[in-house]
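# Structural overview
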Amino acid sequence: RPSPDMMFRRLSQALLSRTRLAPFAVVGGFGCVASFSALAEGKKDWKVFIDLQCPYSKTCYNNLPEIKSKFGGEYTFSVHVTTLPFHPNAFAAHCALKAVESAAPHLRGMYIGALYENQERFMNKATEGCTRGQVLEIFADIAEEAGVFSSKNYGYFATPLSRENFLKLCGDWSKVTYPAFTEYKEAGGLGVFGTPKHVIDGKLIPDTESSWTSADWAKVLK
């Protein structure tokens, strides 16, 4: 007899097939966790690539709601995470995000925001001499303070992600490490080797600035 999880997956696949919706990917920001191509019909795709330890990515991410409010009618926005080699805690942060994403995808945007709000806590200077386990404890603290482990942020029948399971997931190859690596490779495949970067309608936009608002983007997109 199939498990409840398997039954849910089969039902989801059936609904997707019946409504002709393309498979979804957990790539959203701004509290959004899924982007359906059917809902984006007639719009161009705008992918934003960020590094969770990058201060410039933080500036860009904080500007995205204003940019989206201006251009949301023309573009479908999605946020993707990559890592830069000179940010030693960036991949651990990416894995922490994937751990949240795998268990509570609806909290993805909230956790990205919390990571940026607390970015100084896992910068190089703050974590000098820390082991990987100690760094992951910092990400667990941030998740706990943001409410990721709180039952208030889950449905009535959902089991909240616990701190213990979060830390276990951070080292899970199939659910966390490999998906994070796959997202990193996607960025490289699009020519993204720095952050923040923007890929619009399949094309990497050169010479962008993290501080740009909708007014700056209007000049580029005209």
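The following paragraphs examine the structure supplied in this document. It should be emphasised that the depicted structure is a prediction, and the values quoted were computed from it without experimental measurement.

This part is about a nonpolar patch on the surface. On the surface, a nonpolar cluster with roughly 440 Å² of combined accessible area is contributed by W173, Y178, F181 and Y184. Along the chain, the position of W173 falls in helix α7 (residues 173-189).

Another point: the pattern of salt bridges. What the rule picks out here adds up to 10 salt bridges. For K47, the salt bridge identified is with E186, shortest N-O distance 3.3 Å. Residue K47 is located in strand β1 (residues 44-50), and its partner E186 is located in helix α7; the two are separated by 139 residues in the primary sequence. Measuring nitrogen to oxygen at the nearest pair gives 2.7 Å for the salt bridge that ties R163 to E144. Linking R163 in helix α6 (residues 163-169) with E144 in helix α5 (residues 132-146), this pair joins segments that are 19 residues apart in sequence. Judged by relative accessible area, which is 24%, R163 ranks as partly exposed.

What follows concerns the side chain of N63. Structurally, N63 can be placed in helix α2 (residues 55-71). Given a relative accessible area of 18%, N63 falls into the buried group. A distance of 3.4 Å separates a polar side-chain atom of N63 from the backbone oxygen of W212. Apart from residues lying up to four places away in sequence, N63 is in contact with S210, S211 and W212.

Taken in spatial order, the four strands of this open sheet run β2-β1-β3-β4, and their pairing is mixed. Both edges of this open sheet fall to β2 (75-81) and β4 (203-204), since each of them pairs with a single strand only. On top of the sheet, α7 reaches β1 and β2; it is set at about 120° to β2, its chief contact.

Right, let's talk about helix α3 (residues 90-103) for a bit. If you check α3, its first and last C-alpha atoms are 20 Å apart, about what 14 residues at 1.5 Å a residue would give, namely 20 Å. Taking burial as the measure, the 14 residues of α3 include 11 buried ones, the bulk of the element. Residues A90, A92, A93, H94, C95, A96, L97, K98, A99, V100 and E101 constitute the buried set of α3. Buried residues along α3 sit against β2, α4 (108-117), α5, α6 and α7.

In this section: α2. Taking 1.5 Å per residue as the helical rise, α2 with its 17 residues ought to reach 24 Å, and the 24 Å between its terminal C-alpha atoms agrees with that figure. At L64, α2 is bent by approximately 40°, the largest bend along its length, and proline P65 sits one to four residues beyond. Every buried residue of α2 is listed here: S57, C60, Y61, N63, L64, I67 and F71. Against β1, β2, α4, β3 (197-200) and α8 (214-221) lie the buried residues of α2.

Turning our eyes to something else, we now look at the state of the cysteines. Applying the stated criterion across every chain, the model contains zero disulfides. Here C60 is not disulfide-linked; the sulfur of C54 is the nearest cysteine sulfur, at 9.0 Å. Looking at C60, the relative accessible area reads 3%, which means it is buried.

Moving on: the pairing of β1. On a regular strand, one side chain projects to one face of the sheet and the next to the other, so that they alternate. The buried fraction of β1 amounts to five of the seven residues, a majority that puts the element mostly inside the structure. Judged from the seven bridges that link them, β1 and β2 form a sheet pairing that is parallel. Each residue of the ladder has a partner; that of I50, found in β2, is V81. Note on the crossover from β1 through α2 to β2: the handedness is right-handed. Examined bridge by bridge, β1 and β3 share four bridges and lie antiparallel to one another. The partner of W46 across the bridge, within β3, is I200.

Rules of the game
Residues numbered from 1 in each chain as written. Predicted model: local features only at pLDDT ≥ 70, side-chain atom pairs only at ≥ 80, totals over all residues. Heavy atoms only, no water. Patch = residues over 30% accessible without salt bridge, like charges linked within 9 Å, V, L, I, M, F, W, Y side chains within 5 Å. Areas by Shrake-Rupley, 256 points an atom, 1.4 Å probe, with all protein chains shown as cover. Salt bridge = Lys/Arg side-chain N within 4 Å of Asp/Glu carboxyl O. Helix = DSSP H or I, 4+ residues; strand = E, 2+ residues; numbered from the N terminus. Buried < 20%, exposed > 50% of the residue type's maximum accessible area, 1.4 Å probe, protein only. Polar contact = N/O pair within 3.5 Å; in protein donor to acceptor, adjacent residues only side chain to side chain. Contact = heavy atoms within 4.5 Å. Pairing = 2+ DSSP bridges. Axes fitted to C-alpha atoms, helices over the stretch in contact; angles between N-to-C directions. Expected span 1.5 Å × (residues − 1). Bend = angle between axes of the 7 residues up to and from the residue. Disulfide = S-S within 2.5 Å. Right-handed = clockwise from strand over helix to strand, strands pointing away.

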